[in-house]
Amino acid sequence: MLLVILEHDRGELVEAAREALTFGRTLAAKMNTSVEAALVGSDGDALAAAAAEFGAETVHTCTHDVLSDYGPDAFGAVVAQMVEALAPDAVLASGSDRGNEVMAHVAARLDAPFVANCTDVTPGDTWAMTRVQWGGSLLEDTTLEADLPLLTCGLHSVVAEAGGAQEPDLEEFDAELDASHAVTVVKDRVVQEAGVTLPTAPVVVGGGRGVGSETGFEPLEDLAALLGGRVGCSRAVTNLGWRPHSDQVGQTGTRIAPEIYIASGISGAIQHWVGAMASKHILAINTDREANMVVKADWAVIADLHEVIPAIIEEIKRRRG
Amino acid sequence: MMKILVCVKRVPAPGSKINVTDDGMDVDAAHLGFTTSPHEECGVEGAIQLKEEHGGEVTVLTLGSGDAEEQLRYAASVGADHGVLVQTDGAPWDPQRTAAAIAAAIEALEADGAFDLILFGNESADAGGFQVGIRVAHALGRPIVQGIKGIEISDESVTARREIDGGFEVYELPRPCVLGVKEGLNLPRYPTMKGRLASKKLEIQSLDATAETGGQRRVRLHRPVEQVSETVILGEGPEAASAVVDVLEELGVL
Ligand SMILES: Cc1cc2nc3c(=O)[nH]c(=O)nc-3n(C[C@H](O)[C@H](O)[C@H](O)COP(=O)(O)OP(=O)(O)OC[C@H]3O[C@@H](n4cnc5c(N)ncnc54)[C@H](O)[C@@H]3O)c2cc1C
Ligand SMILES: Nc1ncnc2c1ncn2[C@@H]1O[C@H](COP(=O)(O)O)[C@@H](O)[C@H]1O
């Protein structure tokens, strides 16, 4: 049996959980085994049907006082206990922040190897997998010798697809938890931002070192506002203190996926590119025709962004009348 | 006195793309500079800020070849007090082995008192195993939370903030504890001239790395297949604005 750990938030399965089940169905077929799912924490029962829709034959739920909110150690302890009780052939979660965190706790508790962010997995006496390195700039083929493979699948390495729908068998799991597991449970939650956020913005206007200064971002702000989008930036810009890190796009920043990314004064270093590559379209504005961002873009303007961006704003205003 | 440890990894700093050596076993760093993983650089800065606020000492530890001294000296140039090199032959180690060797080194360093706080990066920039800090925390029997972008410390506890979509979660951990931090925790300072000079004199403590290999073994590194598209040049000056707005109109984002 392949046990898939499902992440859920405020009463819903997250997209990454549906991806993990989709990834898990393919993997279980290669292993010649079945897919079962684990839903840790409250709301588990309500989500069993959603899990079944994506192929879980049995859904193991686990509720407990300590599990009232997310806590990496408690969640890891529950999964480790499930592993001991249910003896799966492998365990899979999604390569989200929480998925990777919980699986690392499981691995530490069981002293078993854990391979994060796999994009392709071949089971066998020795397992083989391809996994993400450098935030997606590079892939690594590895082998795995393990009694119990613990894996996460890289975010968006598959498109979530329903399949194998049926009535799920619901099994309640009794975990042994105490106050020591509650040490790292979320104490408080603060909601800061309403409206369009960088990861969900339909348009991102990005600025790099070429913008030249903090105030140089004003026209980029104006353009983003006109298009109902957000401003993004490169790490060079955050390091210079021109923009907050929350605006940074890339490996150690935010991954964006807008309809169009307007990247101005950004050279397109690989660590920036991996955060921008999910954009549906890219328009580069750069004085250097050979810049990586220009080479990879769909469209480019080879010019000084300080002249081009105000002209674009003028043109939009003119057409809107 | 508060004692803080930061674990940092030396990684190459590639430009527009990452090249792989002919045997596929490593990043081709022949023409590259090296740096500290960005998350961990913020860990070092965070530790120094806590020291400035509360007093104490900051130790920076790295596991790798002798070359990784460069990253320890850099940390000293921005204010770290001690550097520890857990020396290997430089070949990439699997995460279980790395964690076991780091945990053993920390136990040795703690002979004269535990670190109040140990900082890791959320994930290393190159391998991205998402686990070394968590394994070490379990080996030491201390709580850990990942993804931290805010730290406050009091006599008994550590308050840590973790970013989630549109806000943040707050955790409260007892001391001693471990945190996996992310870039954005702070804006790392640059070394001063004085710091640079002091860092040259840093005495680096060298420890032997001994740990069994784990179950994961590298076969080869390779670049993902990329779709190459022709770039359409819309113009070479502000007069391209009209063509740009045509594109925006076509995409329906206007
Ligand atoms: C482990 C690691 C992780 C990293 N993570 C990230 C990350 O998450 N995000 C990120 O962005 N970077 C990241 N980096 C840094 C990355 O390698 C680059 O250093 C950075 O992206 C460069 O930023 P830039 O393009 O703004 O600056 P530069 O590379 O200096 O490029 C500036 C560009 O602006 C153009 N330009 C200059 N003036 C003008 C003008 N007037 N008009 C138009 N164009 C102009 C130039 O031709 C050039 O192409 C990371 C690095 C490492 C080692
Ligand atoms: N060779 C190393 N030396 C020191 N610290 C390391 C090393 N490898 C990993 N770490 C630490 O462990 C964190 C997580 O690494 P990883 O599990 O590889 O993603 C990193 O951000 C570092 O803080």
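Conventions we followed
- Residues numbered from 1 in each chain as written.
- Chains lettered and ligands numbered in written order.
- Predicted model: local features only at pLDDT ≥ 70, side-chain atom pairs only at ≥ 80, totals over all residues.
- Heavy atoms only, no water.
- Near = heavy atom within 4 Å.
- Polar contact = N/O pair within 3.5 Å; in protein donor to acceptor, adjacent residues only side chain to side chain.
- Areas by Shrake-Rupley, 256 points an atom, 1.4 Å probe, with all protein chains shown as cover.
- Helix = DSSP H or I, 4+ residues; strand = E, 2+ residues; numbered from the N terminus.
- Nonpolar A, V, L, I, M, F, W, Y, C, P; charged D, E, K, R; others polar.
- Buried < 20%, exposed > 50% of the residue type's maximum accessible area, 1.4 Å probe, protein only.
- Lys, Arg positive; Asp, Glu negative; His and termini not counted.
- Salt bridge = Lys/Arg side-chain N within 4 Å of Asp/Glu carboxyl O.
- Contact = heavy atoms within 4.5 Å.
- Phe/Tyr/Trp six-rings, centres within 6.5 Å; stacked < 30°, edge-to-face > 60°.
- Lys NZ or Arg CZ within 6 Å of the ring centre and 35° of its normal.
- Pairing = 2+ DSSP bridges.
- Axes fitted to C-alpha atoms, helices over the stretch in contact; angles between N-to-C directions.

1. Re the site of ligand 2
Residue and element names in this part refer to chain B.
Move 1: Around ligand 2 lies a shell of 18 residues, among which Cys7, Glu40, Leu63, Ser124 and Phe130 are the nearest.
Move 2: One nitrogen or oxygen atom from the main chain of Leu63 is found 2.8 Å from a nitrogen atom belonging to ligand 2.
Move 3: The backbone of Val132 places a nitrogen or oxygen atom 2.9 Å from an oxygen atom of ligand 2.
Move 4: Burial of ligand 2 by the surrounding chains reaches 97%, relative to a free accessible area of 480 Å².
Move 5: Top element by residues in the shell around ligand 2 is strand S4 (residues 57–64). It accounts for 3 residues.
Move 6: Looking at the shell around ligand 2, its residues break down into 8 nonpolar, 7 polar and 3 charged.

2. Topic: the side chain of Glu19(A)
Residues and elements named next belong to chain A.
Move 1: The residue Glu19 is located in helix H1 (residues 15–31) in this model.
Move 2: One buried charged residue, Glu19, forms no salt bridge at all, with the nearest opposite charge on Arg18 at 8.3 Å.
Move 3: Each residue touching Glu19, except ones within four places of it in the same chain, is listed here: Gly154, Leu155, His156, Val158 and Ala160.

3. Notes on the packing of aromatic side chains
Move 1: According to the stated counting rule, one finds 1 aromatic pair over all chains in the structure shown.
Move 2: Between Tyr70(A) and Phe75(A), the aromatic rings sit 5.2 Å apart at their centres with planes inclined by 70°, giving edge-to-face as the arrangement. An identical accessibility class is assigned to Tyr70(A) and Phe75(A); each is buried.
Move 3: A cation over a ring is seen here: Lys3(B) above Phe115(B), with NZ or CZ 5.0 Å from the ring centre.
Move 4: Sitting over the face of the ring of Trp93(B), Arg97(B) holds its NZ or CZ atom 3.9 Å from the ring centroid.

4. Here we look at the sheet that holds strand S12 (residues 216–222) of chain B
Hydrogen bonds between backbone groups are what pair the strands of a sheet, and the pairing can be parallel or antiparallel.
Move 1: The 10 strands are arranged S11(A)-S5(A)-S4(A)-S1(A)-S6(A)-S10(A)-S7(A)-S8(A)-S9(A)-S12(B) in an open sheet whose pairing can be described as mixed. Edge positions in the open sheet fall to strand S11 (169–172) of chain A together with S12 of chain B, since each of these has one partner strand only. Pairwise comparison of adjacent strand axes, ignoring direction, gives a mean angle of 35° for this sheet.

5. So, the sheet that holds strand S10 (residues 177–181) of chain B
Move 1: Spatially, 10 strands are ordered S12(A)-S9(B)-S8(B)-S7(B)-S10(B)-S6(B)-S1(B)-S4(B)-S5(B)-S11(B) in an open sheet, and the strand pairing comes out mixed. Only two strands of the sheet have a single partner each, and these edge strands are strand S12 (188–191) of chain A together with strand S11 (204–208) of chain B. For this sheet, the mean inter-axis angle between neighbouring strands, taken without regard to orientation, is 30°.
Move 2: Note that strand S8 (residues 157–164) of chain B and strand S9 (residues 167–174) of chain B share 8 bridges and pair antiparallel. Directly across from Ile164(B), in S9(B), lies its bridge partner Gly167(B).
Move 3: In the packing of helix H1 (residues 38–54) of chain B onto the sheet, the strands contacted are strand S1 (3–7), S4, strand S6 (117–121), strand S7 (144–153) and S10 of chain B, and the crossing angle to S1(B) comes to about 170°.

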